[in-house]
Amino acid sequence: MAKVSDHIRQANGKTIFSIEVIPPIKGDNLKNLLDNIEPLMEFKPPFIDVTYHREEYIERVEPDGTVKKIITRKRPGTVGICSAIMHKFGVDPVPHVLCGGFTKEETEDFLIDLHYLGIDNVLVLRGDPAKPFDTFKPKTNGYAYASELVTQVANMNRGVYLHEGSHAMTPSNFCIGVAAYPEKHFEAIDHDTDFRYLKLKIDKGADYIVTQMFFDNQKYFDFVRRCREAGITVPIIPGLKPLSTRKQLQVLPRLFHLEMPADFVKAVEACEDDKQARQVGIDWCIQQCRELTKAGVPGLHFYTMGKSDNIVKIAREIF
Ligand code: FAD
């Protein structure tokens, strides 16, 4: 299979269509996820990202009334879904690989499995704090920052594994993507600090960047300009999510630390129901995509969040 960086190169300046999918809730059917991807094949995505969801700490009330603390993973299956995507659609999967919840050795095992499966792409992330906590804590002997995990993957690509034995080690062949935030990562004290650490991820071996969603293209354009000024030369793929309910006007800025443009807020607030809001979300995203494509972005990366009908409508206008 091929690397994301090769797909971008082979597109020869043409904007690529790609998506991110989320594993189903534990126990749900994989078929629903694959059925949602199917209509998007019309737009020939060369790669599909699959998110990773770390463990959560929940409290369960037992029949006898006692409360039991449980560690669970609500959305397991990232590697299995990647494999299903490869086999069903012949598309390169991009599993997300997290620092959170992993020791370095567990990360190595995970990467070895991906390598054996012929998966040549990873999106390397720190991960969010384990729910219900609000600060990120690395596992003992794990990583605190994505840049450290990038180093481990880049080392494996050079045949350098942890605690090496005496025999020759087979190099992996991962293309490494990392995340970035046009409106700043919420923990960073300022944009300059955030840029410094983004640059570190690239210097350690990342090949491309995917951005957090944004609703104001100017934020993306300013971000790319500042990256280039800082000497970051890798492709920067904009991440996009069409708004789909009126409630998301509050939920998305809170969850993803972004601002909605005043015109957009006004248009959504004028909607009488979610059906109208979904259409406003589609129309806004189409405008964003037209402008971004015209500006020559390497790709448009859509966060599907389990639904594809709105992405199909947008992609039909653009690709
Ligand atoms: P990092 O690059 O490590 O940065 C985290 C913070 O630390 C930033 O504020 C940065 O400025 C700062 N920092 C970085 N390095 C240093 C340093 N050396 N010293 C001090 N400060 C430093 N989460 C999931 O759980 N699963 C997913 O599948 C997932 N997919 C995502 C996909 C995309 C495209 C994006 C944009 C985000 C995704 N996330 C996912 C969310 C992501 O895990 C969170 O945003 C997380 O809080 C930060 O991850 P990061 O890799 O950007 O972290």
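Residues numbered from 1 in each chain as written. Predicted model: local features only at pLDDT ≥ 70, side-chain atom pairs only at ≥ 80, totals over all residues. Heavy atoms only, no water.

A.B. asks: Before we go on, may I ask you to explain the packing of aromatic side chains in this structure?
C.D. replies: The description of an aromatic ring pair rests on the distance of the ring centres and on the angle between the ring planes. Applying the stated criterion across every chain, the model contains 12 aromatic pairs. Each ring, one from F264 and one from W284, has its centre 4.7 Å from the other, and the planes form 35°; the classification is tilted. Taken together, the residues F264 in helix α9 (residues 262–269) and W284 in helix α10 (residues 274–294) connect sequence positions 20 residues apart. With a relative accessible area of 0%, F264 lands in the buried category. Through a chain of ring-to-ring contacts, three or more aromatic side chains come together here, namely F17, F43, F302 and F319. (Phe/Tyr/Trp six-rings, centres within 6.5 Å; stacked < 30°, edge-to-face > 60°. Helix = DSSP H or I, 4+ residues; strand = E, 2+ residues; numbered from the N terminus. Buried < 20%, exposed > 50% of the residue type's maximum accessible area, 1.4 Å probe, protein only.)

A.B. asks: Which parts of the structure should I look at to understand the environment of L111?
C.D. replies: For L111, the position within the fold is in helix α4 (residues 104–116). For L111, a relative accessible area of 0% gives the class buried. In this structure the C-alpha to C-alpha distance between L111 and V97, which are 14 residues apart in sequence, comes to 8.5 Å. Excluding residues that lie within four positions of it along the chain, L111 makes contacts with V97, V122, V153, M156 and F174. (Contact = heavy atoms within 4.5 Å.)

A.B. asks: What's the story with the packing of α10 against helix α11 (residues 309–318) in this structure? I'm lost.
C.D. replies: Remark: α10 packs on α11, axes separated minimally by 9 Å, with the N-to-C direction vectors making an angle of 35°. Between α10 and α11 the crossing geometry is right-handed. Across the interface between the two elements, R278, I282, C285, I286, C289, R290 and T293 from α10 touch D309, N310, K313, I314, E317 and I318 from α11. Partitioning the contact of α10 with α11 into residue classes produces 6 nonpolar, 2 polar and 5 charged. (Axes fitted to C-alpha atoms, helices over the stretch in contact; angles between N-to-C directions. Left-handed = near helix turned anticlockwise from the far one by under 90°. Nonpolar A, V, L, I, M, F, W, Y, C, P; charged D, E, K, R; others polar.)

A.B. asks: In this structure, what is going on with the sheet that holds strand β8 (residues 208–213)? I would like to understand it.
C.D. replies: Across a sheet, paired strands are connected by hydrogen bonds in the backbone, their directions being either parallel or antiparallel. Read around the closed barrel, the 8 strands follow the order β1-β2-β5-β6-β7-β8-β9-β10; overall the barrel is parallel. For this sheet the average axis-to-axis angle between neighbouring strands, irrespective of direction, equals 30°. Bridge count for β8 against strand β9 (residues 236–240) is 3 bridges, and the pairing is parallel. Bridging across to β9, M213 finds its partner in G239. Across the sheet, α4 touches β5 (92–98) and β6 (121–125), and the angle it forms with β5 is around 175°. (Pairing = 2+ DSSP bridges.)

A.B. asks: Please clarify how the site of the ligand should be interpreted in this entry.
C.D. replies: Around the ligand there are 23 residues in total, and Y52, Y181, H185, D194 and K201 lie nearest to it. Between the ligand and G127, the relevant distance is 3.0 Å, taken from an oxygen atom to a main-chain nitrogen or oxygen of the residue. The contact in question runs from a nitrogen atom of the ligand to an N or O atom on the side chain of Y197, over 3.4 Å. For the ligand, the accessible surface in isolation is 990 Å², of which the surrounding protein chains cover 87%. Those elements giving two or more residues to the shell around the ligand turn out to be β5, β6, α6 (191–203) and β8. The element that contributes the greatest number of residues to the shell around the ligand is α6, accounting for 3 residues. A breakdown of the residues in the shell around the ligand according to their chemical character gives 12 nonpolar, 5 polar and 6 charged. (Near = heavy atom within 4 Å. Polar contact = N/O pair within 3.5 Å; in protein donor to acceptor, adjacent residues only side chain to side chain. Areas by Shrake-Rupley, 256 points an atom, 1.4 Å probe, with all protein chains shown as cover.)

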